[in-house]
Amino acid sequence: MKIIINGKEEIIDRQNFSILELLIIKDVKMPEMVSVELNGEIINKDKYDEIIIKEGDKIEFLYFMGGGEYIGFATKAIHSGYEKDKETGATFVPIYSSASYEYEKAEDLADVFDGRKYGYIYSRIANPTVNIFEQKINTLENGIGAVATSSGMSAIAAIIFALTESGDEIISSKNLFGGTLLFFNEIMKTYNVKVNFVDACDIQAYKKFINKKTKLIFIETIANPKLNIPDVKKIAEIANQNEIPLIIDSTITTPYLFKAKKHGVSIVVHSATKYLTGNGTAIGGVLIDTGNFLWQKSKSPKVIKYTNKFGNFGFLACIRKNIIQNSGACLSPFNAFLHCIGLETLALRMEKHCENAKKLAEYLKQHTKIINVNYPGLSDNEYYEISAKQFNNKFGGILTIRLGNKEKSFRLINNLKLAKNLANIGDVRTLVIHPASTIFHECSKEEMEEAGVYDDLIRISVGLEDFEDIINDFEQALKEV
Ligand code: PLP
């Protein structure tokens, strides 16, 4: 029967065989070390001998050991993108601090400019250190390619500018990070792009706003700071049925918690400033094309122009060559270097962030001075089930608390000694902030409420300190409230 293996049609002279048998037929060495994707879904290894392959099935064998690719998340985070410097043996990513790149012949540079030859031109377009970071994160997202940008916001802006034109519409969750909300309301409005806001979890609302002008759907995996969690597969189905790309901001979940490609997402975007780097040392952003969307069918003329030359890499080409090159929102090689250091320990850190956040949420929940604790990992939380299902039984490192009024919230913040009062998340340090008077201070009361921001709300990004020290810090500060 005919099946498609790694993109090529093959005839197998047998019927009714399992994935395990196929691995044997194809003489794959160490079958237990091979990850198999069947019709777009990664198959659990203990199902290899149960699942029977059918005529026309699409099978991808992924990460043959020794083939330069790896199976496990932590291994990929450490080893992908860069092996060693061939001349010196230096094992860590070098910082290529060069604005431009020399070619011996005028013809060579002309070929690179025209895309006929691979090479670097100018670091506003691409840079070797930045490219290593792009490859690493792309491997972790299982995508077809990534483009890094100067910040998370510029990654979001680049996507919207690539996909929309004046007169277009987009559908966005209204429960968003304040910067994204302001970008949609303050900037996109002036470009005459209408943003139809919906409740992130109201699946029917997305359907209601789809029309011929709709160019994309935008959501966050866990809304910051409302912490509500949409069912991504259901939204992806709607986007898919209407041939609209689904864009997701996975900053809070990272690829360690959320597998965007498996959930039908088209483009995943991260503020690399947060967990990807992990210690607040650099601002950066990145977007990854999961390969789920067929850009030849795009309704965005700018992207179509690039698919004519670059096929399904049209979206990424449009981002790099049209948006980033011409707006200058490129990532610096030094920041890319810091992002690469951070990525290496992402798996370990995310485990601990989630563990500490759960313990802190449980502690704060029983405290008499706290009137509300919002953390998806509390078993009575509205989003417990969907978080467990979507994020591999994990719940992230962010929680919010309410104390009754602003004065009490300020007093708590002012009395914390270990937890730092600053505008960031995803740091090794525990961070707190009063969103209403800071990140959301330019937003209207209605916008704040939509985003789940109240006058007495404190957002906590739980760090990696010893859990007892985090609790002791909150315990002593709460005594002063
Ligand atoms: N998306 C989310 C969910 C964020 O929390 C942030 C920043 O806090 C951003 C995007 C913007 O990222 P950056 O600050 O790197 O521009």
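In this numbering scheme, every chain counts its residues from 1 along its sequence in written order. Confidence filtering applies because this is a predicted model: local features only for residues at pLDDT of at least 70, side-chain atom pairs given and counted only at 80 or more, and all residues used for totals across whole chains, interfaces and linings.

Observations regarding the sheet that holds strand 13 (residues 372-374)
Remark on secondary structure: sheet strands pair via backbone hydrogen bonds, oriented parallel or antiparallel.
Consideration 1: Within the open sheet, the five strands sit side by side as 13-14-17-16-15. Their pairing is mixed. Both outer strands of the open sheet, strand 13 and strand 15 (420-421), are each paired with one neighbouring strand and no more.
Consideration 2: Where strand 16 (residues 431-433) and strand 17 (residues 457-461) come together, three bridges link them in antiparallel fashion. Considered in strand 17, the bridge of isoleucine 433 is made with arginine 459.
Consideration 3: Here, residue contact means that the backbone-derived C-beta atoms of the two residues sit within 7 Å. Orientation is described by axes fitted as lines to C-alpha atoms, over the contacting stretch for helices, and by angles from 0 to 180 degrees between their N-to-C directions. A helix here means a DSSP run of H or I that spans at least four residues, while a strand means a run of E at least two residues long, and both kinds are numbered starting from the N terminus. Relative to strand 14 (residues 398-402), helix 13 (residues 346-365) is tilted by about 15°, and along the sheet it contacts strand 13 and strand 14. DSSP calls a pair of strands paired once it identifies at least 2 bridges connecting them.

Re the site of the ligand
Consideration 1: As a structural note, the neighbourhood of the ligand is formed by 16 residues, with Ser151, Gly152, Met153, Ser271 and Thr273 the closest of them.
Consideration 2: Of all elements in the fold, only helix 5 (152-163) and helix 6 (178-188) reach the threshold of two or more residues within the shell around the ligand.
Consideration 3: Amino acid classes used here: Ala, Val, Leu, Ile, Met, Phe, Trp, Tyr, Cys and Pro are nonpolar; Asp, Glu, Lys and Arg are charged; the rest, including Gly, are polar. For the shell around the ligand, the class distribution of residues is five nonpolar, nine polar and two charged. Near, as applied to residues and a molecule or strand, means the residue's backbone-placed C-beta atom lies within 6 Å of it.

Details of the sheet that holds strand 9 (residues 214-220)
Consideration 1: With mixed pairing, seven strands are arranged side by side in an open sheet as 6-12-11-10-9-7-8. Both edges of this open sheet fall to strand 6 (145-149) and strand 8 (194-198), since each of them pairs with a single strand only. Neighbour-to-neighbour, the strand axes of the sheet open up by a mean angle of 20°, direction not taken into account.
Consideration 2: Looking at chain direction, strand 11 (residues 267-271) and strand 12 (residues 285-289) are connected through five bridges and run antiparallel. Pairing of valine 269 across the sheet is with leucine 287, part of strand 12.
Consideration 3: Each of strand 6, strand 9, strand 10 (246-249), strand 11 and strand 12 is contacted by helix 5, which is oriented at about 45° to strand 12, the strand it contacts most.

Side note on the packing of helix 10 (residues 301-310) against helix 11 (residues 314-327)
Consideration 1: The geometry of helix 10 relative to helix 11 is characterised by a closest axis approach of 8 Å and an angle of 110° between their N-to-C directions. One way to sum up the angle between helix 10 and helix 11 is to call them roughly perpendicular. Crossing handedness for the pair helix 10 and helix 11: right-handed. Contacts between helix 10 and helix 11 involve Lys302, Val303, Tyr306, Thr307 and Phe310 from the first element and Gly314, Phe315, Ala317, Cys318 and Asn322 from the second.
Consideration 2: A per-class count over the contact of helix 10 with helix 11 returns six nonpolar, three polar and one charged. We call two directions roughly parallel when the angle between them is under 35 degrees, roughly antiparallel when it is over 145, roughly perpendicular when it lies between 65 and 115, and oblique otherwise. Should the near helix be turned counterclockwise from the far one by less than a right angle, the crossing is left-handed, whereas a clockwise turn marks it as right-handed.

Overview of the nonpolar core
Across soluble globular proteins, nonpolar side chains have a tendency to be buried as a group.
Consideration 1: Ranked by internal contacts, the top residues of the largest apolar core, which has 119 residues, are Ala158, Ile159, Ala162, Ile217, Leu287, Ile319 and Leu399.
Consideration 2: Here this core gets 10 residues from one element, more than from any other, and that element is helix 5.
Consideration 3: For this core, the domains that each give at least three residues are domain 2 (74-343) and domain 3 (350-479).
Consideration 4: Beyond its immediate stretch of four places on either side in the chain, isoleucine 319 contacts Val147, Ala158, Ala162, Leu287 and Ile324. Throughout this description, the term nonpolar core refers to a group of buried Ala, Val, Leu, Ile, Met, Phe, Trp, Tyr and Cys residues whose C-beta atoms join them within 7 Å. Counting other C-beta atoms within 10 Å of each residue's C-beta, where C-beta atoms are placed from the backbone, gives the exposure class: buried for 20 or more, exposed for 12 or fewer, partly exposed between. The split into domains, and so the bounds of each, comes from an automatic or database assignment of domains.

Quick word on the domain arrangement of the chain
Consideration 1: Domain annotation for the chain reports domain 1 (2-68), domain 2 (74-343) and domain 3 (350-479).
Consideration 2: Placing a centre on the C-alpha atoms of domain 2 and another on those of domain 3 gives a separation of 28 Å.
Consideration 3: In this complex, domain 2 contributes 26 residues to the contact, which on the side of domain 3 involves 29 residues.
Consideration 4: Every element with two or more residues in the side of domain 2 that touches domain 3 is listed here: helix 6 and helix 9 (254-257).
Consideration 5: Here the residues of the side of domain 2 that touches domain 3 are counted per class, giving 13 nonpolar, nine polar and four charged.

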